[in-house]
Amino acid sequence: MKARSLVFDLFGDYLRYSGGAVRLRGLIALMGCFGVAETTVRVVATRLRAEGWLHSRRDGRETTYLLTDEAWRLLDEGRSRIFDRAAGPWDGQWRMVIYSVPEADRALRDQLRKKLAWLGFGQLAPAVWVSPHDRLAQVEQELAERDPAEARAVRLDTFHSRSTGVEADRELAARAWDLDALNRSYAELLDRYRPRLDDYRAGALSGADALVERMRLIHDYRLFPFRDPDLPPELLPEGWLGREAHEVFLRAHGELRAAAEARVDELIGTAGAAVVG
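This report concerns the structure included in the present document. No experiment lies behind these values; they were computed from the predicted model shown.

Rules of the game
- Residues numbered from 1 in each chain as written.
- Predicted model: local features only at pLDDT ≥ 70, side-chain atom pairs only at ≥ 80, totals over all residues.
- Heavy atoms only, no water.
- Axes fitted to C-alpha atoms, helices over the stretch in contact; angles between N-to-C directions.
- Helix = DSSP H or I, 4+ residues; strand = E, 2+ residues; numbered from the N terminus.
- Parallel < 35°, antiparallel > 145°, perpendicular 65-115°, else oblique.
- Contact = heavy atoms within 4.5 Å.
- Nonpolar A, V, L, I, M, F, W, Y, C, P; charged D, E, K, R; others polar.
- Polar contact = N/O pair within 3.5 Å; in protein donor to acceptor, adjacent residues only side chain to side chain.
- Left-handed = near helix turned anticlockwise from the far one by under 90°.
- Pairing = 2+ DSSP bridges.
- 1 Å grid on protein atoms, 1.4 Å probe; cavity = no way out; pocket = protein on both sides within 12 Å on 5 of 7 lines; lining within 4 Å.
- Points joined across faces, edges and corners; volume = space filled by probe spheres on them.

**Here we look at the packing of helix α4 (residues 69–83) against helix α5 (residues 106–118)**
Remark: α4 packs on α5, axes separated minimally by 12 Å, with the N-to-C direction vectors making an angle of 45°. What the angle tells us is that α4 and α5 run oblique. In contact with E77, G78 and R81 of α4, α5 contributes K115, A117 and W118. Broken down by class, the residue content of the contact of α4 with α5 amounts to two nonpolar, one polar and three charged.

**Things to note about the environment of W118**
Tracing the sequence through the fold places W118 in helix α5. Apart from residues lying up to four places away in sequence, W118 is in contact with E77, G78, R81, P225 and F226. Polar side-chain contacts of W118 include one of 2.6 Å to the side chain of E77.

**Considerations on the packing of helix α11 (residues 207–221) against helix α13 (residues 242–255)**
With their axes 10 Å apart at the nearest point, α11 and α13 run at an angle of 160° to one another. As the angle between them shows, α11 and α13 are arranged roughly antiparallel. Of the two possible hands of crossing, α11 and α13 adopt the one that is left-handed. Only A245, H246, F249, A252 and H253 of α13 make contact with α11, whose side of the interface consists of R214, L217, I218 and Y221.

**As for the sheet that holds strand β7 (residues 155–161)**
As summarised here, the arrangement of the four strands in space is β5-β6-β4-β7, forming an open sheet in which the pairing is antiparallel. Only two strands of the sheet have a single neighbouring strand rather than two, namely β5 (122–125) and β7. Within the sheet, the average angular offset between the axes of one strand and its neighbour, ignoring direction, is 30°. With three bridges connecting them, β5 and strand β6 (residues 128–131) associate as antiparallel partners. Of the residues in β6, the one forming a bridge with G122 is V130. The sheet contacts of α5 involve β4 (94–100) and β6, and relative to β4 the element is tilted by about 175°. Against the sheet, helix α8 (residues 166–176) makes contact with β4, β5 and β6, and its axis sits at roughly 100° relative to β5, the strand it touches most.

**A short note on empty space enclosed by the protein**
Inspection of every chain in the model, using the stated rule, returns one cavity of 30 Å³ or more. R85, D228, D230, L231, L236, W240, G242 and R243 are the residues that line the largest cavity. The class makeup of the residues in the lining of the largest cavity is three nonpolar, one polar and four charged.

**Re the sheet that holds strand β3 (residues 62–67)**
With antiparallel pairing, the three strands of this open sheet are ordered in space as β1-β3-β2. Edge positions in the open sheet fall to β1 (21–23) and β2 (54–59), since each of these has one partner strand only. Across the sheet, the axes of successive neighbouring strands diverge by a mean angle of 25°, strand direction being ignored. Pairing analysis gives three bridges linking β1 to β3, with the strands arranged antiparallel. Bridging across to β3, R23 finds its partner in T64.

The quantities given are spatial measurements derived from coordinates; they are silent on function.
As structure tokens, this is what we get:
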């Protein structure tokens, strides 16, 4: 686990619930559970502040780091994508995004592709992305919030469409996403964590061990939303393991909660680590 990602995960799973703030000494203590040196923590915190994800204040002789509004939004969006699943029947409609970005703006094009993948769109053709979910407004909002010069550089067209039937829908889904590879990854996750559920439930892990295990679980699972579009059941191949993997993740995350949170409280102190001015 990289130190930068670990800081985000700690804020997302713990520190956000106590004000979204932590004193530097508390963050150093937490990161120490994962073998991250104090100097590295200081460098990462400084960089995240420079990038606009954290801001800092002085509390006497100590420095406290707090989430910015943009970081709050990122964590809210990320938590929804990781923990929630689409509910209700599919309306049978595909949402399509077709974009055009100048060749010189490769970085902008890459950012747009990553955002589309995060929102559950799959690439059907080089500049054509599709999703069974109604998230076109979120795509348009993402573009509207960009620098005006960047927004003007992008031509974005959005559509609603239907195929000729369920077989065509399944074939389209198989083209837009590598579902076989994704299912193999889910099988590996299940092989890793399903046998541990009984130990988690029995409290076999405590203290730093529980905290590290829970963070590793989140680290292993949180990249799946970039790959899994959360397709309706009628579009999924036989033997799909995604829903089972999600349930195992939720159970493991819940079973480890008490011990992991107790360790966080011991290290940073609930009152002292997250007092918001």
